[in-house]
Amino acid sequence: MNDEAFQHSIRKLLKNVGVTTQQEIEKAVQQALADGHLKGDERLPARVTVEVDGLSLALDFDGDITLE
């Protein structure tokens, strides 16, 4: 196994997930604000799950997204 290539591929995946997820959350919040579904002072519970097929690995991360 090439540790450097392995670690690089993990970082690349996580960077892509992080950037894309942030963009999608921002769009969804802006749309919910525009539609009147959010006031802008909410705290939104969120969960992220990472699964790796072939390893039977599933990690859950819980947190809050605060709008104010």
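Check the entry above for the structure.
The following paragraphs examine the structure supplied in this document. (Residues numbered from 1 in each chain as written. Predicted model: local features only at pLDDT ≥ 70, side-chain atom pairs only at ≥ 80, totals over all residues. Heavy atoms only, no water.)

1. Let's talk about the pairing of strand 1 (residues 43-52)
Thinking step 1. Pairing analysis gives 10 bridges linking strand 1 to strand 2 (residues 57-66), with the strands arranged antiparallel. Residue pairing for strand 2: Arg43 is matched across the bridge by Thr66.
Thinking step 2. Here strand 1 folds back onto strand 2 in antiparallel fashion, the turn holding four residues, of which Gly54 has a positive phi close to 90°. (Pairing = 2+ DSSP bridges. Helix = DSSP H or I, 4+ residues; strand = E, 2+ residues; numbered from the N terminus.)

2. Remarks on the pattern of salt bridges
Thinking step 1. Taken as a whole and judged by the stated rule, the model has three salt bridges.
Thinking step 2. With its nearest N and O atoms 3.1 Å apart, the salt bridge here joins Lys27 to Glu24. Pair noted here: Lys27 and Glu24 are both in helix 1 (residues 3-34), with a separation of three residues, about one helical turn.
Thinking step 3. The partner of Arg43 in a salt bridge is Asp64, and the shortest N-O contact between them spans 2.9 Å. Taken together, the positions of Arg43 in strand 1 and Asp64 in strand 2 put the pair 21 residues apart, joining distant regions of the chain.
Thinking step 4. Given a relative accessible area of 59%, Arg43 falls into the exposed group. (Salt bridge = Lys/Arg side-chain N within 4 Å of Asp/Glu carboxyl O. Buried < 20%, exposed > 50% of the residue type's maximum accessible area, 1.4 Å probe, protein only.)

3. Quick word on the environment of Ala34
Thinking step 1. Tracing the sequence through the fold places Ala34 in helix 1.
Thinking step 2. You can call Ala34 exposed: its relative accessible area is 62%.
Thinking step 3. Sequence-wise, Ala34 and Gln23 are 11 residues apart; in three dimensions their C-alpha atoms are separated by 17 Å.

4. A short note on the side chain of Glu42
Thinking step 1. Mapped onto the elements of the fold, Glu42 is located in the loop between helix 1 and strand 1.
Thinking step 2. Although buried, Glu42 forms no salt bridge, and the nearest oppositely charged side chain, Lys39, lies 5.3 Å from it.
Thinking step 3. Within the local environment of Glu42, its side chain forms a polar contact with the backbone nitrogen of Gly40, the two atoms lying 2.8 Å apart.
Thinking step 4. Residues within four places of Glu42 in sequence aside, it is in contact with Ile65, Thr66, Leu67 and Glu68. (Lys, Arg positive; Asp, Glu negative; His and termini not counted. Polar contact = N/O pair within 3.5 Å; in protein donor to acceptor, adjacent residues only side chain to side chain. Contact = heavy atoms within 4.5 Å.)

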